[in-house]
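Given next are the chains, with one letter for each unit.
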Amino acid sequence: MDLQSLTIDEVRSSIAAGQTTATALARSFYSKIEAQDGPIGAYLTLSKDRAIEKANTIDALVSQGKELPPLAGVPVGIKDVMVTCGLRTTAGSKILDNYIPPYDSTAVRRLEAAGAVVLGKTNCDEFAMGSSNENSAFKPVRNPRDLSRVPGGSSGGSAAAVAAGMAVATLGSDTGGSIRQPASFCGVVGLMPTYGRVSRYGLIAFASSLDHIGPLTKTVRDAAIVLRTIAGRDPMDSTSADLPVPDYVTDLDKPVRGLRLGVPKEYFGEGLEPEVRSAVEAAIEKLASLGCEIVPVSLPHTEYAIPTYYLVATAEASSNLARYDGVRYGHRSKTVRTLAEMYERTRDEGFGAEVKRRIMLGTYALSAGYYDAYYLKAQRVRTLLARDFEEAFKKVDAIVTPTSPTPAFKLGEKTEDPLAMYLADVYTVTADLVGIPGISVPCGETRQRLPIGLQILARHFDEATMLRIAQSYEKSSGRGLKI
Amino acid sequence: MKVTEDDVRYVAALANLELTDDENRRMVEDLNSILDYVDRLNKLDTSGISPGGQVAERFAGPGSERAGPTSELREDQLYGLRPSLPQTDALVNAPKSDGTFFLVPKVIER
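Thresholds, definitions, all that
Residues numbered from 1 in each chain as written. Chains lettered and ligands numbered in written order. Predicted model: local features only at pLDDT ≥ 70, side-chain atom pairs only at ≥ 80, totals over all residues. Helix = DSSP H or I, 4+ residues; strand = E, 2+ residues; numbered from the N terminus. Buried ≥ 20, exposed ≤ 12 C-beta atoms within 10 Å, placed from the backbone. Contact = placed C-beta atoms within 7 Å. Nonpolar A, V, L, I, M, F, W, Y, C, P; charged D, E, K, R; others polar. pLDDT = per-residue confidence, 0-100. Core = buried A, V, L, I, M, F, W, Y, C linked by C-beta atoms within 7 Å. Domains from an automatic or database assignment. Pairing = 2+ DSSP bridges. Axes fitted to C-alpha atoms, helices over the stretch in contact; angles between N-to-C directions.

**Examining the environment of I52 of chain A**
Residues and elements named next belong to chain A.
Okay, step 1: Along the chain, I52 turns up in helix α3 (residues 48-63).
Okay, step 2: When the 15 C-beta atoms within 10 Å are taken as the criterion, I52 is described as partly exposed.
Okay, step 3: For I52 and G73, which are 21 residues apart along the polypeptide, the C-alpha to C-alpha distance reads 9.9 Å.
Okay, step 4: When residues no more than four places from it in sequence are discounted, the contact partners of I52 are T23 and A26.

Here's what the structure looks like:
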């Protein structure tokens, strides 16, 4: 069985037909991880016992002749920012190096309830802060396509695991582009749902008004299957939406003829690499040839998205990360005499440079005398960004853009310049700020064979339309399985 | 220069961070360069614009009369009669505990 191209439906049907067992499949994925993950670094912790135990229950269903759940035996990886009961969860940080959560996050629980087999926890930037995965306190992840390049971030391990065939699907989290940008860099599909579509219970909080959980997969159909599984109201997350979950999978193949696609000129300006531009323009032409109407639109406040994001996200992070104080869990400094010393030294030893930078920026932006000038100002601009999309969505059903202005860059290329790194998210942050869903779909390669991603953005809670467009593009371009 | 080394020390104290001298110097540079960049927000007149923290609340999902994330509070009752975390589970990750409490360095001297 070719693990590289295996999809969710293929896993389920080959287990149901007795061509393989869930246990054998899990074991072959572990062999592949052991053979290949060394130089890539996609996984931080493997969960063999948990995986085999789960796989056994699936195999028992087969031998009893029972119906298999939709994700039966599907080997998945979980970004290490989602807590897993009894399974080490680090958020890519030294401060949680030895943390064993006493409960499961809702998204993981729903995946396992649908039959998925959790292989392990995937590497990421510390507390999901980064665009290259170089901020992981344990090791960077390398792009399976070219080991001298980054996989993107912060869900770099989740993207690399799928791209290298070391998981059929993974979960990532997206606060400023952390699912879509690595998906684009690694040549896989990455979906960020609407804010509130998927419960964040058990997601280690970075910026609560911006954090989303979503899937990274090989195909659009797989992304729809995972989303259908994890979406929906959860009483344990008061921000989860009390709205019915449509069947994203059944509607996938509905024709896209007549849909209006907006092309915002602000996403095709300075900084966009020519090879990315031509691939994305070709993808838009392809969608036009499928009967979509292409409509030029403007999102005039786009240039303000990154500064807005870095004020809002860091302010929320400074508050969310206050809990890491060495009292209840995680690292505690060994060399302290007083309580105040314990807090300060624990945090200095436990957090990496980028996390400290963001806590400092956020604390500054919220501090007396600066709150109005920075935090409140950014929240007002956020309203303007939302209005841009409101206007655009009066004229169009979805918006198409590049996912990232460049393909995967080299390790070390941007680590000395935080601002240059922040600009890697220039096309993705706005959707997080506005709360709309977005997906990145592979749309070609550069001459150096580096993947390029097409981003499709849709109205709040209209993942169905977004997925339909992504699916018809994937089908017509013959992509999706060629990893 | 918006931020000085003293400002950085003050903010670090607010954030409960003990930065080394090297980290302090680097932080002054980084914060100034980021704050210079975010200054472009001041080109926008935002008077009369309300701050948009929970943007999704302003939008209803397709076919629904209710806004996105629920804005109302839930009933004040134990959800699903879920028991609290057992004490041993809650303490299992504690760097230091006596089996009943989290232990920290003494706060009050007598």
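**What to know about the interface of chain B and chain A**
Okay, step 1: Of the residues lining the interface, 48 residues belong to chain B; the matching set on chain A comes to 61 residues.
Okay, step 2: Taken together, the elements giving at least two residues each to the side of chain B that touches chain A come down to α1 (5-14), α2 (21-38) and α3 (87-91) of chain B.
Okay, step 3: No other element matches the 7 residues that α2 of chain B contributes to the side of chain B that touches chain A.
Okay, step 4: Residue composition of the side of chain B that touches chain A, grouped by class: 30 nonpolar, 12 polar and 6 charged.

**Side note on the confidence of the model for chain B**
Residue and element names in this part refer to chain B.
Okay, step 1: When pLDDT is averaged along chain B, the result is 82; 73% of the residues meet or exceed 70.
Okay, step 2: Taken element by element, chain B is modelled with least confidence in α3, mean pLDDT 92, and with most confidence in α1, mean pLDDT 96.
Okay, step 3: For residues 59-70, every residue scores under 50 in pLDDT, and the model assigns this stretch 34 contacts once sequence neighbours within four places are set aside.
Okay, step 4: Interface scoring of the predicted complex returns ipTM 0.91; its pTM is 0.96.

**Looking at the nonpolar core**
Here is a general trend for soluble globular proteins: nonpolar side chains tend to be buried in one another's company.
Residues and elements named next belong to chain A.
Okay, step 1: V74, V76, V117, A398 and I456 are the most contacted members of the largest nonpolar core, which totals 160 residues.
Okay, step 2: Structurally, this core is a two-domain feature, drawing no fewer than three residues from each of domain 1 (3-259 + 398-477) and domain 2 (304-376).
Okay, step 3: Excluding residues that lie within four positions of it along the chain, V117 makes contacts with A22, A26, A51, K54, A55, G73, V74, P75 and V76.

**Re the domain arrangement of chain A**
Residues and elements named next belong to chain A.
Okay, step 1: In terms of domain boundaries, chain A breaks down into domain 1 (3-259 + 398-477) and domain 2 (304-376).
Okay, step 2: With centres defined by C-alpha atoms, the gap from domain 1 to domain 2 works out at 27 Å.
Okay, step 3: Each partner contributes to the interface: domain 1 provides 28 residues, whereas domain 2 provides 22 residues.
Okay, step 4: Secondary structure elements with two or more residues in the side of domain 1 that touches domain 2: α13 (418-422) and α14 (429-434).
Okay, step 5: The biggest single contributor to the side of domain 1 that touches domain 2 is α14, with 3 residues.
Okay, step 6: Partitioning the side of domain 1 that touches domain 2 into residue classes produces 16 nonpolar, 8 polar and 4 charged.

**Remarks on the pairing of strand β6 (residues 212-217) of chain A**
Residue and element names in this part refer to chain A.
Okay, step 1: Where burial is concerned, most of β6 is hidden: 6 out of the 6 residues are buried.
Okay, step 2: The pairing of strand β4 (residues 169-174) with β6 spans 6 bridges and is antiparallel. Along β6, the bridge assignment pairs G172 with G214.

**Let's talk about the sheet that holds strand β8 (residues 293-297) of chain A**
Residues and elements named next belong to chain A.
Okay, step 1: Strand order in this open sheet of 11 strands is β1-β3-β2-β4-β6-β5-β10-β11-β9-β7-β8, and the pairing throughout is mixed. Because the sheet does not close on itself, it has two edges, and the strands there are β1 (43-46) and β8. Within the sheet, the average angular offset between the axes of one strand and its neighbour, ignoring direction, is 30 degrees.
Okay, step 2: By the bridge criterion, 5 bridges tie strand β7 (residues 260-264) to β8 in an arrangement that is parallel. Paired with P264 across the two strands is V297, which belongs to β8.
Okay, step 3: Strands in contact with α3 are β1 and β3 (117-122); relative to β3, the strand with the most contacts, it is inclined by about 160 degrees.

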